[in-house]
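Spelled out from the first residue to the last, the chains are:
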Amino acid sequence: MRKILLMFAVLAAMVFTGCSKDDNGNNGGNGGKEPPAGEIELEGYEEPIIDWGISKQELKSRVTYNLLNEDETTLSYAGKNKVSMYTYSFENGKLDVSGAFISTAYNEELADFINKKYIYVNDIVSGEDRLFVFRNKENTMLVTVGIPSTQYLLIMYSPRNSTANNTFLIQASKSLMNAEGGDCSEIIKLFQANISKN
């Protein structure tokens, strides 16, 4: 799990390195416009905790869901409503990546929500696999949507300055692309169409 999350973080960071803090982000999503003011929500979808730098103990004290797995660098929790599972990754004991797995049945709703709340940055394409990269208005966080299987979308949140490294990216991306995910090309096309229509 940590490998998948870090792979998304590194891929997104690589796309994002060309964007400076003064970049206005006018390169897609929302027609290149800033997201609308006010809180944008998707009913039944609670975004994971994104308080970068908090400890595992602090995160554990905040989460009320059932703990599924814990190791030295990762916590995974059962989700609720539209979220099947939340996962959190820690670098040097501090929260560095947060993720949520959501059923592909919510593809259209999720695409609409992400496209309205965040600013589109770029797609990362490898063969038929595709990651959709967005950023927040403040340009401090990346939101990357990937489709690791025919059943789930992974929404990964990471700070712009995430510390994942390029060597890991190469290994993790190969693992993900060869995973038991099946042919996700139709789901990817549908998500891309939903992003494009907004």
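Residues numbered from 1 in each chain as written. Predicted model: local features only at pLDDT ≥ 70, side-chain atom pairs only at ≥ 80, totals over all residues. Heavy atoms only, no water.

Draft legend 1. Local environment of the overall build of the protein chain. Within the protein chain one finds 5 helices and 8 strands. Of the regular secondary structure in the protein chain, the N- to C-terminal order runs α-α-β-β-β-β-α-β-β-β-β-α-α. Per-residue burial for the protein chain yields a buried fraction of 49% across its 198 residues. Partitioning the intrachain contacts of the protein chain with sequence separation of at least 6 by distance along the chain shows that 62% fall at a separation of at least 24. Per element, the accessible surface of the protein chain, about 9600 Å² overall, is 47% carbon and sulfur. (Helix = DSSP H or I, 4+ residues; strand = E, 2+ residues; numbered from the N terminus. Buried < 20%, exposed > 50% of the residue type's maximum accessible area, 1.4 Å probe, protein only. Contact = heavy atoms within 4.5 Å. Areas by Shrake-Rupley, 256 points an atom, 1.4 Å probe, with all protein chains shown as cover.)

Draft legend 2. Broad picture of the pairing of strand E7 (residues 141–146). Among the 6 residues in E7, 6 count as buried, and that is most of the element. Taking every second residue as pointing to the same face, both faces of E7 are buried, with Met141, Val143 and Val145 on one and Leu142, Thr144 and Gly146 on the other. Pairing geometry for strand E6 (residues 129–135) and E7, over 4 bridges, is antiparallel. Residue pairing for E7: Phe134 is matched across the bridge by Val143. Hairpin remark: E6 followed by E7, antiparallel, with 5 residues in the connecting loop; positive phi at Asn139, about 65°. Where E7 meets strand E8 (residues 152–159), 6 bridges bridge the pair, whose relative direction is antiparallel. The residue of E8 that forms the bridge with Leu142 is Ser158. (Pairing = 2+ DSSP bridges.)

Draft legend 3. Local environment of the packing of aromatic side chains. Applying the stated rule across the entire model yields 5 aromatic pairs. When the centroid spacing of 6.4 Å and the interplanar angle of 90° are considered together, the rings of Phe101 and Tyr152 count as edge-to-face. Here Phe101 is found in strand E4 (residues 94–103), whereas its partner Tyr152 is found in strand E8, with 51 residues between them in sequence. The class for Tyr152 is partly exposed, based on a relative accessible area of 30%. (Phe/Tyr/Trp six-rings, centres within 6.5 Å; stacked < 30°, edge-to-face > 60°.)

Draft legend 4. Quick peek at the environment of Glu46. For Glu46, the position within the fold is in the loop between helix H1 (2–16) and helix H2 (56–62). Once residues lying within four places of it in the same chain are set aside, the contact partners of Glu46 are Tyr65, Lys80, Val83 and Tyr86. Separated by 2.9 Å, the side chains of Glu46 and Tyr65 make a polar contact. At 3.5 Å, the side chain of Glu46 forms a polar contact with the side chain of Lys80. (Polar contact = N/O pair within 3.5 Å; in protein donor to acceptor, adjacent residues only side chain to side chain.)

Draft legend 5. Structural context of unusual backbone geometry. The backbone of Asn81 shows a phi angle near 55°, a positive value even though the residue is not glycine. Tracing the chain through its elements places Asn81 in the loop between strand E2 (74–78) and strand E3 (83–91). Of the residues examined, Asn81 reaches a relative accessible area of 64% and is grouped as exposed. Residues other than glycine seldom take positive phi values, yet Asn92 does so here, at roughly 55°. Of note, Asn92 is situated in the loop between E3 and E4. Residue classification places Asn92 among the exposed residues on the basis of a relative accessible area of 74%.

Draft legend 6. Main features of the side chain of Asn136. Mapped onto the elements, Asn136 comes out in the loop between E6 and E7. In this structure the side chain of Asn136 is engaged in a polar contact, spanning 3.0 Å, whose partner is the backbone nitrogen of Met141. With residues near it in sequence (within four places) discarded, Asn136 still touches Tyr118, Ile119 and Met141.

Draft legend 7. Region of interest: the confidence of the model for the protein chain. Averaged over all residues, the pLDDT of the protein chain equals 73, while 62% of them reach at least 70. At the level of individual helices and strands, the protein chain shows its lowest average pLDDT in helix H4 (residues 166–177), which scores 36, and its highest in H2, which scores 96. Taken together, the stretch residues 1–32 has pLDDT below 50 and engages in 85 contacts with residues farther than four places along the chain or on a different chain. Throughout residues 165–180 the model reports pLDDT below 50, and contacts reaching past four residues in sequence, or to other chains, amount to 20 contacts. (pLDDT = per-residue confidence, 0-100.)

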